[in-house]
Structure formats: C-alpha cells, structure tokens
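What follows is each chain in one-letter form.
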Amino acid sequence: MTWVGKSLRRKEDDRLIRGRGLFTDDELAPGMLHLYILRSPYAHARILDVDVSAAEALPGVACTLTGREVAELCDPYMQLAPGPAANIRDLPMAVDKVVYQGEPVAAVAATSAAIAMDAGLLIEVDYEMLDSVMDVEQSLQDDTVLHDAAGTNRVWHGVFDYGDVDKAFAEAAHVVRIDRLHFHRYSSTPLENNACVAEWTRQGTVEFLCNNSFPGFAQQLLAPGLRLRTDQLHIRTYDVGGSFGNKIWNYVYMALAALASRKAGGQRVKWSEIRTEHLLASGHGNERTFLDTEVALDANGVLTAIRSRHLDDCGAYTRYEPLGCVIWSQVTPATYGIRNLRIDFTQAVTNKCPVVPNRGYSRMQHLWFMERVLDICAHELGIPADEMRLRNYIREFPYETPNGCIYDSGNYPAMLDKAKALIGWDDWQKKQAEARADGRLLGIGIGTTLDSGTNNFGQAQIMNPDLPFSGNSEVATMKLDLEGQIVVCLGTGPSGQGHETAASQVVADELNISPDSVYVRPGFDTAWNTFVGHSGTYASQFAVTGLSAVHGACQKLKAEMRRLAAFMLEAAEEDLDFCTGEEGPELRIKGTDRAINYWFLSNLVNNNNAMLPESLADVTLNVRHVYRPPFKVPDTERKFGNLTLTYAAQLHIAVIEVDRETGRPKILAYSAVDDCGKVINPKIAAGQVHGATNHGIGAALMESFNYDEIGNLLTSTFSDYCPITSMNIPDVQYGNIETPSPFSYNGAKGMGEGGGGPLHTIAAALQDALFAEGIIIDDSHHSPSRVFDRLQEPNRDRRVSVRSG
Amino acid sequence: MLSSQRFRFDGESTDSETTMYPAPFRYHRAGSADEAISLLAELGDGARPLAGGQTLLVWMKLRFDEPTDLVDIARIPNLSSIEHDDHQVRIGALATHGRIAASPLARLIPIVHDCANGIADRQVRSRGTIGGSLAAGDPSCDWPALLHTLDAEVLCQGPDGERTIGIGDFVEDLYATALQEGELVTGIRFALPPARSAGAYVGFKRCAPAYPTASAGVQLTLAEDADTCADVRIALGSAGLTPIHATAAEAELRGQALNETTIERAAEAAVAASDPVDDQRGSPAFKRAMLRVLVRRAVGIAIRRCNGESVEHSHEYY
Ligand SMILES: Cc1cc2nc3c(=O)[nH]c(=O)nc-3n(C[C@H](O)[C@H](O)[C@H](O)COP(=O)(O)OP(=O)(O)OC[C@H]3O[C@@H](n4cnc5c(N)ncnc54)[C@H](O)[C@@H]3O)c2cc1C
C-alpha cells in the first residue's frame, strides 16, 4: 500500500468542518484589547499634526499610537533595493508623510473593537495635500518624489540581455512591433483577512498568534524593527484562511499590535483587518506596462528574438520589492524556444498600495506578456493558434533557458492535445465558423504557462549583489513521542493547502503505517525550532521543499529506530522491516513474528534507558532535517543561473463569445490541464487547479484595483471589486499529465500558484474573437464595460505594426 | 451602494474612514405598527425603523448614517403577508425577498419571481424586505423598478394616519422618498395582471453580492390578435438617480404590432430616457448599450410568457 498518489481525505477538514479550527480572530482572552488603525484618506500628503487627546479620553481606551511614537520605538525595515531606493524609510506607520490611501497614521487599543473604532474616529489629523503620482511613466519623471530620502521614484533598473538580439532582428523574416501592453493591478482577497494577536510580556519577549505565511522571513524583519532578538519573538500560526502571498508582509501590522501591547502594559492586543482595509492597504499585485516591444520571427512564425521595455509599478513602498524585478526571469522565454531577448526593466514607486507577492508573483506578469506577444504575432501572421504554439514550444528537457534556468521536465504538446480533447476542439472550430458566418464574435484561445517553484534566493543578488541571500531550505522535525506516536512539525506554515495530509502520506509510506498514525502539528511555531530563514508557504514549493524535509527527517528517525530495534531484537539492521502489526506500527525481523513496537522503542530512550549501551548514546528519537535544494549563486554580471528548481506547467483553452452590442464576454467552455510532476494527493492538486483557475478568471474578467487621478481607490469594497463567486465560475474541464521532475526526490513539482493561466487564455480567446474587428487585446483586464469601450474604438492600427521580408 | 465612494476623499472633507462597527445607538423593538410610529415620533429625527437591516446596517457600519435609535419593526405581526384576490395583490412591507420568491404569488406572476429571486444572495434575501427596499430610496435596488413596472401603490402609515402613494410619486430623488419623518411603509399593492398579460424583469449583475449594473422591467398585455401590444409598462433600474418609468418607450409599443422594429424603437426610447452614472459597474455608454439589450430581452420574455410559455429567468451574470 502506498499513500502518496492517493486522494486521501484532508486531515485538516475534520476540525475545520466542525468549527474547531483556530483562526487568529477566533482567539479571545479576558482583558484582551482590540486595535483600530486610523488610515490616511489621502494618497499623498504631509502630516502636520496628529491629536489623539479626544480618543484617549474615551472610556475603554487603553492607549493610542502615533507615527512619531512608532518612529521612536522602531527601526525602519531593511530595504532590499540597491542605490538610492535603499534609503526609503519604511516604518509600520506614517510619520511625516503618507504615500498611499489607507496608510496607517495612528492607532487605538481599547477594550472592544467597537470602542477602538469610535476612538479612532476622534483622532484629529491635519494634512497638507501633495500632488499624487498615479502612473509609472509619470513617476519616472521625478517631478513629484514620494520618498525624500531616496530622492527619486525610480527603484530599480537593469537590462537582461541574452543571445544575439540584433543579429536575430537583422535576419528576421517578420518583425512585429507592439507599442504597449498593460498588466493590471489586482490581488487575491483570501477568505481570512490579515490578523494577529500580540502580547509584549514583562520579560521583554513578544508572543504572536498570527496568519503570516512566510514566518521565516517575517521574523528577520520584525525583530530588528522592534529592536529585539529573533529569539525574543514567539511566532505561532494555526489555521490560516488563504494567503496567496498577500500575508507575507503583515509583519507590519504585527509590529503595530506589539507596540500597542507594550504601551498598554503588556495586555494582549488583537488586530483584525476589515475587508476594506484589506483591499486598500494589505498589498496588491504588481502592475506592469510593456513598451516598444519588437518581435523577430522566422518565415515559419518561430519567435527568434524579443526586445522590450518593462515598467513595473510597485506602489508606495518596496516591501518585498524590487525582487519582482528579477523573479520574472525564472521564466524568461516562457514555454518557447526563443534564444535572444533583451528586456530593459525598470521599477518605480507610485501613490498606490504597496505591492506584495501575489499568486503567480512577477512570473505571471511576464508570462502574460510573452503569451500576448506570441498570440498577437500568430494573428498578425495568420497562423492558427494551436499551430503557432506547436512551432514554438520547447520540447527537450531538461532545458537550459537563455538565462541559465533549467526547466526540469514537461510535455507541452501532450498538454495541448489533452486540453483540446477535453474542450472538444474540433467541434468548437466548426461552431466558430458558423458563428462567424452569422456575424457573431466567438473566440478560442490557448494559454500555456509555467508555475516555477522552489526559488533560488540567489536571484536576489542579481537585483542587489550585496544581499546576503542565496539557495533555499526548509525544515521538518519529527519525533517518536513518549507513547510511541509519530509527531511531525513543519516549517512551512500552511494557509489551506493540506500540508498535514500530504506530509502524513509521505511519512506513512516511509514507515509503512497508516496516515492516521501520523500526527502532523497544525500551523507553525518558532518554539518547535522547526524553521530556517526560508520557512514559509510561498513560491509553489511545499511538495519539493516541505516534503523533502519530511522525507529526510523520516530517514533520520528510521535510522535511529532501526539501530534501537536491532539492539533489542538482537538482529541485524538490514533484517528489519518497518511494518504494521496487530498492535500497530512496529519493526519486525523479516520472515519472523519477532517485532518491537513504537511504544517500546520510545520508552527505551525516554523512560527506561539504563539498559542502553554506549553505542546508542546519540539516539534521541527526535530529529531535525533541513532540506537544501542544489543551487549555486547566479552570475550577477550576466544575470545568469538556475533560479528555480521545478517548472510545473498549465495549459488552458477557453471559448468566449463577446456580445457585439454590450461587449459582454461570456465563457462558453473552458479546459485546464495541469502538470505538476508526480502528484502527491490528486484531490488537493485538483483543488489547487480549480482555485487558481477561478481566481485567474476573476482577475481577467472581474477583479481590478482602480484608482482615480488623485489616488482614491474606487474598488475598495467587494461590491465594487467583485471577487469571483460561484455564480460566475464556468464549468472547468480539468485534466492532468505527469512529467516527473528529475530534481526532486519524489518527482513532484511545486504547484498552486497556477501561473495565471486564465489571464493568458482569456486574453487569447478575446483576441481571437475581436481581431477581425481591428482590436488588439493589450490589457489583462476585461470587464464588460471595458470590452464595450474597446469595441467602440478599434486600436490595431495604433498598437501593432508588422514588417516582413 | 455608496460603499466605495465613502472612502473617497473629495478634496474638501477628510471624514473618510475604514469602519465596520456602527456608532453607538439605542435599540427598541416595536410590537405593532402603532407602537413603532409613536416610538419614532417620540425619539425624533435620530431614530430609524429597522426592517431586514440589509441596507441600514451596511450604512451604519460604513457610517453613512449614525442614527441615535433603531426601532426594530421586523417582528411586527401581520406586516409580512403575501396575498391576492381576483383583482389585487398585496404584499406586506416586512415580507422578505426570499419569502416572496418562494410564494405562490411568484409562481403566478413570474416577473415577481424574476425580481425577488435575483436580489443578492440567499443571506440577503432571507433578511431584506420589500418595504425596506422601497424606503431606502436606492436607485440600485430592484423592487422600486419592479414596482414601477407593475404600477404599484405604496401603503403608508404615520402619525397623521394612513395614506397611499403611487410609486411614481413615492421615489423622489436619490435616497429620498415621499415618506414623512416617522412614517412607515406598511405594504404595497398592485392590480393583478389581467389575462394575456405577463412581464419580465431582467438585471445584469457582475456577481451575486453586487447590485445590478442595469435592469429593465416590462409588463405587457397582448391584444386579442396576439401580435399587437394592447398595453405595456416599462421601467429601468440602476439607470439614473431614481428608477425610470420609460413612458416614451411604452408609446412605441402601445397599440403597435410587436416585431423587431417596434421593439427596437422601444428599446431605443428607453435608453434615451435613461441617465446612468459612471461608476465601477460601467461607463454610461456601456450601461446604455446594456439597457437596450435588457429591454429587448425583457420584452421578448414577456411576449413568450403572454403566450403561455414558461420561461425560467433571473438576473444575468458574467
Ligand atoms: C451584499 C448585498 C447585496 C445586495 N444586492 C441587492 C440587489 O442586487 N438588489 C436589491 O434590490 N437589493 C440588494 N441589496 C439590498 C437588500 O435588498 C435590502 O434588503 C433592501 O434594500 C433593504 O431592505 P431591508 O429590509 O434590509 O431594510 P433596512 O436595511 O432595514 O432599511 C433600509 C432603510 O429603509 C428604512 N425602512 C425599512 N423598512 C421600512 C419601512 N417598512 N417603512 C419605512 N422605512 C423603512 C430604514 O429605516 C432604512 O433607512 C443588497 C444588500 C446587500 C447587503
């Protein structure tokens, strides 16, 4: 019996369905205080005065916090950027100036959340309005500078130049020019908002229950920010209702709750974000504009070179940025064999919510760009969509990309076949011809995308050679507990991905026991000592880093158990089998009925050890394994090296009809084929695919952060932001292929982010529907109103030109 | 519905906050309409009746409204009945959208089902009431447009006694109705549609918890020949600051043969009467295009229903 590969029911679900989960906001304690954060209504303004006296006078208020106090008690967060942007002062609260709408300007802790809010509204803040910078191109002019200490809005600039671009253009049969493409701003809106409970104890340590999804990293920012040692922080998570990367940076709010607790004399303080705060100020996805793109193609429509200018808008602070300026290069050529690329990449700040990693982080934006480029070229050259992909796909694996990344495995043509079969490609081709004959706008689009996982933090050095990061790692600790129970602790801090279940499957196979006999502790806890700096759930890596750590811990524990059992049973280690006997898990001498069970083994070490020989003195039955993927530091000069270990792939096909009169795009059919290598738990993997697909459909058709020209967020409630709901989700035909990764012990690839497949696919289907109308799909967002506007004003002449011969 | 606009600095004031808890208020529960009316009169202009709370509580949480007192009317008996005789339909103000959608009346008059069942999601439908929807004066709400389509009357009771207000006079402006301070809506009534008459109400929505981008209601009576429109009412929702009674559109159809040309003319006239605002649901030009389609679609469904066809219908999503 093997458990890996089975759709084992999720262990987590029992407590979640019974309402016995513990989400941060569930935590209640007598005397607990509640924090309200007052936020700036302005996108850009100087703070002249903050008067908290009326708030402090309200009964029930324990304390207030202002930016000035925070600046006295905290040090600014480490900046990753090189050059002037390194001087940006990022504190958890605005001090002299606000730079985005929703930025914290003061806070109140009170005995109830309602009192805290009432008191917050009594705080008087005097502002002096400044001009807002709402556009990345305008920002780069530096007419209005957001961060005085940096002196410029430009955060980062670099040129990624591979192959011989000019030669390829000189030899090209066709050159297609696309003057502008734009990837819009949206986010993930996890079901559970950010939240934390903090207690600044009398001993000077801080206890946190939170839902941070990258606690390995968060500690390293939080502790110095609060002027503490990391060991003075006790960070714990339990159940987390989704993160999608968005919760990586909520350490800023953890700091505010901690400071409030400190000022309130050590009372526990809870902060629980409300949805509008989440939309305004929790972190958006990167917005990117692609300018002056030129594409060289040979006579067969094979892409030979691309040159382009990319401008990334990272919002008001560089929280995780400018890492996004490099992260995209994990997938430089997308799924295509193109060898010559020159991407001139710039990032700038604007008076919008800071960006944070958001599902598909930075790669998705680039993949969308590559997909648009290929798709527009196919239409311009009259090459059918499927044919165009087949001519350009990478086919040999492992494949080294022009910038030195190694695509581990894949089979894109097989995925295309499968997706076509699922959707009924031939049938839709016929229906499309009929629809077109009737003057209807029906399009069929293909999107091929990558979900690169397990990143090499060395890529940070491409962005800033002085950064002390490289490689990657993850930890699992495992013990045989006092009564012989297998207890596993993970460093990953899951946010709904079923890690307890998947880890149990791995352990069950290694020990030849039932997953029910494996207890994986929920959540993350620094007190377990199960973390490294990379610990967390992000960048599609659990199946590789998390499970490799679990697998490694199993080997260590097994080795100890084997030695102990061999001693007690007076047998040779190699004669012992891990198996499940009548009384449960045990080690047995092959072919005999002589066995020793787990309780006996544990007892020997923990309670009854006088008989143990010196040779077993090192056995603890409590092991810790750190998995480190085999990475090297990239060549920062050439911006060259392997940046990610695994490359899961997604291939989607959509059929969309656009209502000629209203522009309403309607999905008529949708198929999604996924390849994440060896699948650990098919049900969990399918859930991730459906989730990522629906999220991407929402992003393409519904979800967008729209600002007005002075920096008001116009979509700050769910009525306006409109996250996708079950009413909007089409029937997704899901399929799967497995190309095992040669680089992970189990053949698995990380997955879950999904590479933004629907964004590429829906754009391609709309392009197919509207190309004959003279319309180039140049934006990633397509609300009906926008498609309607586009129909009124064809843009092909402005956007694209083709030179052949 | 102003939700996002709330956190929108307009250049003058700075009272935009992210809030989720209402300002403090006192709560009272009324046992009868009379008691509610006298309580409201006693408590003065800071008091509001509370029905399903699906609009009022949202306003309070966002602090658009900070009432000093809430007079809960939701449990007043006899204000939630849904009944009709051979001539007239009467719906109590406290009937919820969900109960109306599930009532025999909604089966009898499908346009009522279209509207009631298409409002928001199940949670909102099981609390929100038809009276609250009217009294809120929100042009995005579905009932006011539907009741325009059915030429309903609003039954009110206040300190000065009872009165009946035609729907056309009831909604006066954005968030403003003809209700006097302390006056309650107790119910609505409209004539039972005659034989050969049927209607349809179609809204276009982005997703369940969002109000319609635009909506159209059509109640059509066919002449004996089955091809001619004997009478018609057309109303538009989310198409301006109040629901719009599209009389010019009706004139294009009344007494005319129902065909593509006349229906198109009616749709055109309806669009001309609309004045949609620019918001995150769409640009005015888009909403007009949408209204044209919705009017046509509603007329088409109404014709089919007049002809005895059963057409399942509700809002459209994308
Ligand atoms: C997420 C969400 C989505 C929604 N989507 C839609 C939608 O798509 N379409 C739609 O039509 N509606 C929608 N609504 C609104 C919903 O239909 C409300 O139920 C309705 O607008 C108000 O009814 P209520 O009973 O909840 O009134 P309340 O919220 O209790 O009251 C609303 C106002 O009317 C007053 N009032 C209430 N009853 C009376 C009365 N009998 N006499 C005098 N004054 C009274 C109150 O004082 C208050 O000022 C939505 C609501 C939510 C929360």
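Since the structure is predicted, the reported quantities are computational estimates derived from the model, not experimental observations. (Residues numbered from 1 in each chain as written. Chains lettered and ligands numbered in written order. Predicted model: local features only at pLDDT ≥ 70, side-chain atom pairs only at ≥ 80, totals over all residues. Heavy atoms only, no water.)

Caption draft 1: A look at the overall build of chain A. The helix and strand tally for chain A stands at 23 helices and 30 strands. Compactness check: chain A gives a C-alpha radius of gyration of 28 Å against a globular reference of 28 Å for 805 residues, within 12% of the reference. For chain A, the spread of C-alpha atoms along the principal axes amounts to about 85 × 75 × 50 Å. Going through the 805 residues of chain A one by one, you find that 67% of them count as buried. (Helix = DSSP H or I, 4+ residues; strand = E, 2+ residues; numbered from the N terminus. Rg over C-alpha atoms; globule rule 2.2 N^0.38 Å. Buried < 20%, exposed > 50% of the residue type's maximum accessible area, 1.4 Å probe, protein only.)

Caption draft 2: Spatial organisation of the site of the ligand. Residue and element names in this part refer to chain B. Around the ligand there are 32 residues in total, and Pro49, Gly53, Leu56, Thr129 and Asp142 lie nearest to it. Take Asp142: an N or O atom from its main chain is 2.6 Å from an oxygen atom of the ligand. Summarising the interface, the protein chains cover 94% of the accessible area of the ligand, which totals 950 Å² for the free molecule. Mapped onto the shell around the ligand, the elements with two or more residues apiece are β2 (47-50), α8 (130-135) and β10 (184-191). (Near = heavy atom within 4 Å. Polar contact = N/O pair within 3.5 Å; in protein donor to acceptor, adjacent residues only side chain to side chain. Areas by Shrake-Rupley, 256 points an atom, 1.4 Å probe, with all protein chains shown as cover.)

Caption draft 3: Here's a closer look at the pairing of strand β11 (residues 233-237) of chain A. Residue and element names in this part refer to chain A. With 4 of 5 residues buried, β11 lies mostly within the body of the structure. Bridge count between strand β10 (residues 206-210) and β11: 4 bridges; the pairing is parallel. Residue pairing across strands places Glu207 opposite His234, the latter belonging to β11. Running through helix α7 (residues 215-225), the crossover from β10 to the neighbouring parallel element β11 is right-handed. (Pairing = 2+ DSSP bridges. Right-handed = clockwise from strand over helix to strand, strands pointing away.)

Caption draft 4: The arrangement of the packing of aromatic side chains in detail. All names here are of chain A. Counted according to the given criterion, the structure contains 29 aromatic pairs over all chains. One aromatic cluster is present, built from ring pairs that chain together Phe214, Phe217, Tyr320, Tyr361, Phe457 and Tyr538. Over the ring of Phe169 we find Arg307, and its NZ or CZ is 3.7 Å from the ring centre. (Phe/Tyr/Trp six-rings, centres within 6.5 Å; stacked < 30°, edge-to-face > 60°. Lys NZ or Arg CZ within 6 Å of the ring centre and 35° of its normal.)

Caption draft 5: Fine view of the pattern of salt bridges. Residues and elements named next belong to chain A. With the rule as written, the count across this model stands at 68 salt bridges over all chains. Two residues, Asp25 and Lys270, come together in a salt bridge whose shortest N-O distance is 3.4 Å. One end of the pair, Asp25, is in the loop between α1 (11-17) and β1 (33-39); the other, Lys270, is in strand β12 (residues 269-272), and 245 residues separate them in sequence. Looking at Asp25, the relative accessible area reads 40%, which means it is partly exposed. Exposure remark for Lys270: the relative accessible area of 5% places this residue in the buried category. Where salt bridges share partners, they join Asp161, Asp166, Glu294, Arg307 and Arg342 into one cluster. (Salt bridge = Lys/Arg side-chain N within 4 Å of Asp/Glu carboxyl O.)

Caption draft 6: Inspection of the domain arrangement of chain A at higher detail. Residues and elements named next belong to chain A. Assigned domains of chain A: these are domain 1 (13-130 + 191-242 + 247-281), domain 2 (155-187 + 283-458 + 634-796) and domain 3 (474-529 + 536-627). For domain 1 versus domain 2, the distance between C-alpha centres works out to 35 Å. Listed per partner, the contact involves 27 residues of domain 1 and 31 residues of domain 2. Buried surface at the junction of domain 1 and domain 2, both sides included, amounts to about 2400 Å², of which 61% is carbon and sulfur. Connecting domain 1 to domain 2 are 1 salt bridge. With a closest N to O distance of 2.7 Å, Asp90 and Arg319 form a salt bridge. Counting across the domain 1 and domain 2 interface gives 9 residue pairs in polar contact (both at pLDDT 80 or more). The element that contributes the greatest number of residues to the side of domain 1 that touches domain 2 is helix α9 (residues 275-281), accounting for 5 residues. In the side of domain 1 that touches domain 2, the residues fall into 19 nonpolar, 4 polar and 4 charged. (Domains from an automatic or database assignment. Contact = heavy atoms within 4.5 Å. Buried area = accessible area lost by both parts, 1.4 Å probe. Nonpolar A, V, L, I, M, F, W, Y, C, P; charged D, E, K, R; others polar.)

Caption draft 7: Quick look at the pairing of strand β6 (residues 153-158) of chain B. Residues and elements named next belong to chain B. Counting buried residues along β6, 5 of its 6 residues qualify, which places the element largely inside the surrounding structure. Across 6 bridges, the pairing between β6 and strand β7 (residues 161-166) is antiparallel. Looking across to β7, one finds that Cys156 is bridged to Arg163. In this sheet, β10 lies alongside β6 in antiparallel orientation, the contact comprising 5 bridges. Along β10, the bridge assignment pairs Leu155 with Gly187.

Caption draft 8: Spatial organisation of the interface of chain B and chain A. On the side of chain A, 47 residues touch chain B, which itself brings 38 residues to the contact. Buried area between chain B and chain A, both sides added, is near 3600 Å², and the carbon and sulfur share of it is 61%. As a salt-bridge pair, Arg63 of chain B and Asp118 of chain A come within 2.7 Å of each other at their nearest N and O atoms. Taken together, the links from chain B to chain A amount to 8 residue pairs in polar contact (both at pLDDT 80 or more). Of all the elements in the fold, those that place two or more residues in the side of chain B that touches chain A are α1 (3-6), α13 (284-306) and β15 (316-317) of chain B. Of all the elements, α13 of chain B adds the most residues to the side of chain B that touches chain A, at 8 residues. Along the lines of polarity and charge, the residues of the side of chain B that touches chain A split into 19 nonpolar, 10 polar and 9 charged.

Caption draft 9: The domain arrangement of chain B, seen in detail. Partitioning chain B into structural domains gives domain 1 (5-72), domain 2 (82-191) and domain 3 (197-317). On a C-alpha basis, the centres of domain 1 of chain B and domain 3 of chain B stand 34 Å from each other.

Caption draft 10: Molecular detail of the sheet that holds strand β14 (residues 303-313) of chain A. Residues and elements named next belong to chain A. In spatial order, the strands read β7-β15-β14-β13-β8-β30; together these 6 strands make up an open sheet with mixed pairing. Of all strands in the sheet, those bounded by a partner on one side alone are β7 (154-162) and β30 (800-804). Mean inter-strand twist for the sheet, computed between neighbouring axes without regard to direction, equals 10°. Pairing of strand β8 (residues 174-183) with strand β13 (residues 287-297) involves 9 bridges; the strand directions are antiparallel. Along β13, the bridge assignment pairs Val175 with Ala296. (Axes fitted to C-alpha atoms, helices over the stretch in contact; angles between N-to-C directions.)

Caption draft 11: How the structure looks around the sheet that holds strand β14 (residues 244-245) of chain B. Residue and element names in this part refer to chain B. One open sheet holds the 5 strands; their spatial order is β14-β13-β12-β11-β15, and the pairing between them is mixed. At either end of the open sheet lies a strand with only one pairing partner, and these are β14 and β15. With 8 bridges joining them, strand β12 (residues 214-222) and strand β13 (residues 229-237) adopt antiparallel strand pairing. Each residue of the ladder has a partner; that of Gly217, found in β13, is Ala235. Most of the contacts of helix α6 (residues 110-118) go to strand β11 (residues 197-205), to which it runs at about 20°, and overall it touches β11, β12 and β15.

Caption draft 12: Representation of the packing of helix α19 (residues 682-701) of chain A against helix α21 (residues 757-770) of chain A in the model. All names here are of chain A. Where α19 contacts α21, the two axes come as close as 7 Å, and the packing angle between them is 50°. Put simply, α19 runs oblique to α21. Of the two elements, α19 crosses α21, and the hand of that crossing is right-handed. Together, Ala692, Thr693, Gly696, Ile697, Ala699, Ala700 and Leu701 of α19 and Pro758, Leu759 and Ile762 of α21 make up the contact between the two elements. (Parallel < 35°, antiparallel > 145°, perpendicular 65-115°, else oblique. Left-handed = near helix turned anticlockwise from the far one by under 90°.)

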